[in-house]
Amino acid sequence: MTATTAGIVPLAPEHCDALLRFFRDLPEGDRTLIKEEVTDPETVRGWTSREARGQRWLFPDGADVVGYVAVIPQPGWSDHVGEIRLVVAPGRRGSGLGRQLARHALAAAVGSGLTKLVVEVVADQAPALGLFTALGFTGEALLVDQIRDRTGRLHDLMVLAHHVGGTWSGMATVGVAEELGQPED
Ligand SMILES: CC(C)(COP(=O)(O)OP(=O)(O)OC[C@H]1O[C@@H](n2cnc3c(N)ncnc32)[C@H](O)[C@@H]1OP(=O)(O)O)[C@@H](O)C(=O)NCCC(=O)NCCS
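Here the structure is a predicted model, which is why all the values come from computation and not from measurement. (Residues numbered from 1 in each chain as written. Predicted model: local features only at pLDDT ≥ 70, side-chain atom pairs only at ≥ 80, totals over all residues. Heavy atoms only, no water.)

In terms of regular secondary structure, the chain is built from six helices and seven strands. Each helix and strand of the chain, ordered N terminal to C terminal, gives the series β-α-α-α-β-β-β-α-β-α-β-β-α. Taking all 185 residues of the chain together, the buried fraction comes to 41%. Carbon and sulfur atoms provide 52% of the accessible area of the chain, an area that totals close to 9,600 Å². (Helix = DSSP H or I, 4+ residues; strand = E, 2+ residues; numbered from the N terminus. Buried < 20%, exposed > 50% of the residue type's maximum accessible area, 1.4 Å probe, protein only. Areas by Shrake-Rupley, 256 points an atom, 1.4 Å probe, with all protein chains shown as cover.)

Listed below in structure tokens is the structure:
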């Protein structure tokens, strides 16, 4: 395991209870972005089955989980596209964990042959926008008033995309190639 992936582990059956606790403790708005029934034990356990779609990792801290990232390949004629879903425990934000998880997921997604990555970000969430922009994602769609929070306030949703080139040059520019042991030129 390289320094940049230190601490990140693939989701395994023994992590499910801690991951469920992590999701249950998140603010509701953050849970919504994962777009799956993340507080349902059957759903979370299903992610570790052989048939499950996608790759998922977490960042454990003792018996707890403090970060989660997934790359979910899109179905059918978009099966070259992967959607990234990322969340860090509120008390652990701002210390580089989100960036580390996102870089890991991006490198693994490219390594698995996906050629386009997308992520949906609430447009007023500066940390999420800054993080993915720094990894080479750019805005591809703006869905106005797409999200309604608990107070009824509407927020725009941005779809950011990263198009993976035929070479590793794109990855090199965002410093991710070393995640997979690839040369940066
Ligand atoms: C987005 C998220 C994963 C970032 O996690 P994090 O661990 O705080 O991220 P990092 O500490 O690695 O910060 C990455 C970048 O975010 C930005 N950032 C972090 N905290 C910030 C803040 N409070 N204000 C503005 N920008 C901030 C910076 O650009 C930072 O880069 P820098 O280290 O060069 O300054 C986290 O805020 C989160 O879980 N949000 C809710 C879920 C979500 O929006 N997920 C994304 C779409 S699925």
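In this structure, Leu19, Phe22, Phe23, Tyr68, Leu117, Phe132 and Phe137 are the most contacted members of the largest nonpolar core, which totals 46 residues. For this core, the secondary-structure elements that each account for two or more residues are helix H1 (16-25), strand S2 (55-61), strand S3 (64-73), strand S4 (81-88), helix H4 (97-111), strand S5 (116-122) and helix H5 (126-134). Setting aside residues up to four positions removed in sequence, Phe23 forms contacts with Arg31, Ile34, Val38, Thr39, Val44, Trp47, Tyr68 and Val87. (Core = buried A, V, L, I, M, F, W, Y, C linked by side-chain atoms within 4.5 Å. Contact = heavy atoms within 4.5 Å.)

Every one of the 18 residues lining the ligand counts as a neighbour, but Leu86, Gly94, Gly96, Gly98 and Arg99 are closest to it. Within the backbone of Gly96, one N or O atom sits 2.7 Å away from an oxygen atom of the ligand. The separation between an oxygen atom of the ligand and a polar side-chain atom of Arg99 is 2.4 Å. Those elements that place two or more of their residues in the shell around the ligand are S4, H4, S5 and H5. The dominant element in the shell around the ligand, judged by the number of residues it contributes, is S4, at four residues. (Near = heavy atom within 4 Å. Polar contact = N/O pair within 3.5 Å; in protein donor to acceptor, adjacent residues only side chain to side chain.)

Moving on, we get to the pairing of strand S6 (residues 138-148). Examined bridge by bridge, S6 and strand S7 (residues 154-163) share seven bridges and lie antiparallel to one another. Each residue of the ladder has a partner; that of Ile147, found in S7, is His155. Hairpin remark: S6 followed by S7, antiparallel, with five residues in the connecting loop; positive phi at Gly152, about 90°. (Pairing = 2+ DSSP bridges.)

Close contact between H4 and H5 brings their axes to 10 Å; oriented N to C, the two are set at 40°. Comparing the axis directions of H4 and H5 gives the class oblique. Here H4 and H5 pass one another in a crossing that is right-handed. Between H4 and H5, the residues in contact are Gly98, Arg99 and Ala102 and Leu131, Phe132 and Ala134, respectively. Considered class by class, the residues forming the contact of H4 with H5 number four nonpolar, one polar and one charged. (Axes fitted to C-alpha atoms, helices over the stretch in contact; angles between N-to-C directions. Parallel < 35°, antiparallel > 145°, perpendicular 65-115°, else oblique. Left-handed = near helix turned anticlockwise from the far one by under 90°. Nonpolar A, V, L, I, M, F, W, Y, C, P; charged D, E, K, R; others polar.)

Summarising the element assignment, His104 is placed in helix H4. Within the structure, the side chain of His104 is placed 3.2 Å from the side chain of Trp57, a separation counted as a polar contact.

A few words now on the packing of aromatic side chains. In this description, an aromatic ring pair is defined by two values, namely the gap between the centres and the angle between the planes. Following the criterion strictly, the structure yields five aromatic pairs and no others. With centroids separated by 5.5 Å and ring planes inclined at 50°, the aromatic side chains of Phe22 and Phe23 adopt a geometry described as tilted. Taken individually, Phe22 and Phe23 each receive the classification buried, so the pair is uniform in this respect. A network of ring pairs unites the aromatic residues Phe22, Phe23, Trp47 and Tyr68 as a single cluster. (Phe/Tyr/Trp six-rings, centres within 6.5 Å; stacked < 30°, edge-to-face > 60°.)

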